[in-house]
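Residue-level listing of the chains:
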Amino acid sequence: FFFIIEATRIFIHSRLISLLYILIVSFSHKMSQQHEPWLFSAIRKFHQRHERLKHTVHTAWRYPLPKWGRVVMGCVYFSIPVIGGYQVMQWAISKSHESIGKHGELLPEKRIQGIGDKRIKEDGTKEQVGAGGVGGGVRLAVSDEQTQKQNRQMLQAFFKQQRRKEKLAQQQQQQDEATSSETT
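What you see is a predicted model; the values in this text were computed from it and never measured.

Conventions we followed
Residues numbered from 1 in each chain as written. Predicted model: local features only at pLDDT ≥ 70, side-chain atom pairs only at ≥ 80, totals over all residues. Heavy atoms only, no water. Helix = DSSP H or I, 4+ residues; strand = E, 2+ residues; numbered from the N terminus. Areas by Shrake-Rupley, 256 points an atom, 1.4 Å probe, with all protein chains shown as cover. Salt bridge = Lys/Arg side-chain N within 4 Å of Asp/Glu carboxyl O. Buried < 20%, exposed > 50% of the residue type's maximum accessible area, 1.4 Å probe, protein only. Patch = residues over 30% accessible without salt bridge, like charges linked within 9 Å, V, L, I, M, F, W, Y side chains within 5 Å. pLDDT = per-residue confidence, 0-100.

Q: In this structure, what is going on with the overall build of the protein chain? I would like to understand it.
A: Each helix and strand in the protein chain was counted, giving 4 helices and 2 strands. In sequence order, the protein chain lays out its α and β elements as α-α-α-β-β-α. If you sum the accessible surface of the protein chain, you get close to 16,100 Å²; carbon and sulfur atoms cover 62% of it.

Q: Before we go on, may I ask you to explain the pattern of salt bridges in this structure?
A: When the charged atoms of two side chains lie near each other, side chains of opposite charge can form a pair. A full pass over the atoms with the stated rule returns 2 salt bridges. Linking Glu 51 and Lys 54 is a salt bridge whose minimum nitrogen-to-oxygen distance equals 3.1 Å. With a gap of 3 residues between them, Glu 51 and Lys 54 both fall in helix H2 (residues 38-59), about one helical turn apart. For Lys 54, a relative accessible area of 17% puts it in the buried group. The salt bridge involving Glu 98 is made with Lys 95; its shortest N-O contact spans 3.7 Å. One end of the pair is Glu 98 and the other is Lys 95, both in helix H3 (residues 67-100) and 3 residues apart, which spans about a single turn. By relative accessible area, which is 38% here, Lys 95 ends up partly exposed.

Q: What is the right way to read a nonpolar patch on the surface from this model?
A: On the surface, Leu 53, Val 57 and Trp 61 cluster together into a nonpolar patch covering about 320 Å² of accessible area. Within the element layout of this structure, Trp 61 appears in the loop between H2 and H3.

Q: Please clarify how the confidence of the model for the protein chain should be interpreted in this entry.
A: Should pLDDT be low for a region, the predicted coordinates there are not to be read in detail. The pLDDT averaged across the protein chain works out to 77; a share of 67% of its residues lies at or above 70. Highest mean pLDDT in the protein chain belongs to H3 (91); lowest belongs to helix H1 (residues 2-30) (64).

Have a look at this one:
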């Protein structure tokens, strides 16, 4: 794993050096060709040596992998970001649980505070957020308490319907199993 991090660091470093060299060369062409400052010549020499080293690494030191080796390396290169991303998400989830609780039990206010584009301060005054308020020009979705209540009721009805369908599917499965056991 350290090798991949080090290789990535070297790759990024080489790209930055190449970019710096291109900028310096384009700037030095504007200057007189007869007199080159020592800094430019040192950077040019460093760049040439660096390019020669990269060429050696990518040609002379290269060992061709068999088909199974390419498959394994492909899996390694694919899985490292996936595993790293999973670890970052687990860390973020743990931080969320620390700050607001697993189910929001540490939140001071468990429900939405009225309308979506306003917030209630500590002293009880309402302040507009979003477009025209604190935080800039994003228009926030606004729903009043009646719409929130209606959405909550519709969501509960949907979950009730899903539970009923699940219960019917389980009953059907039990009947099918009973029927199949009677026939055998």
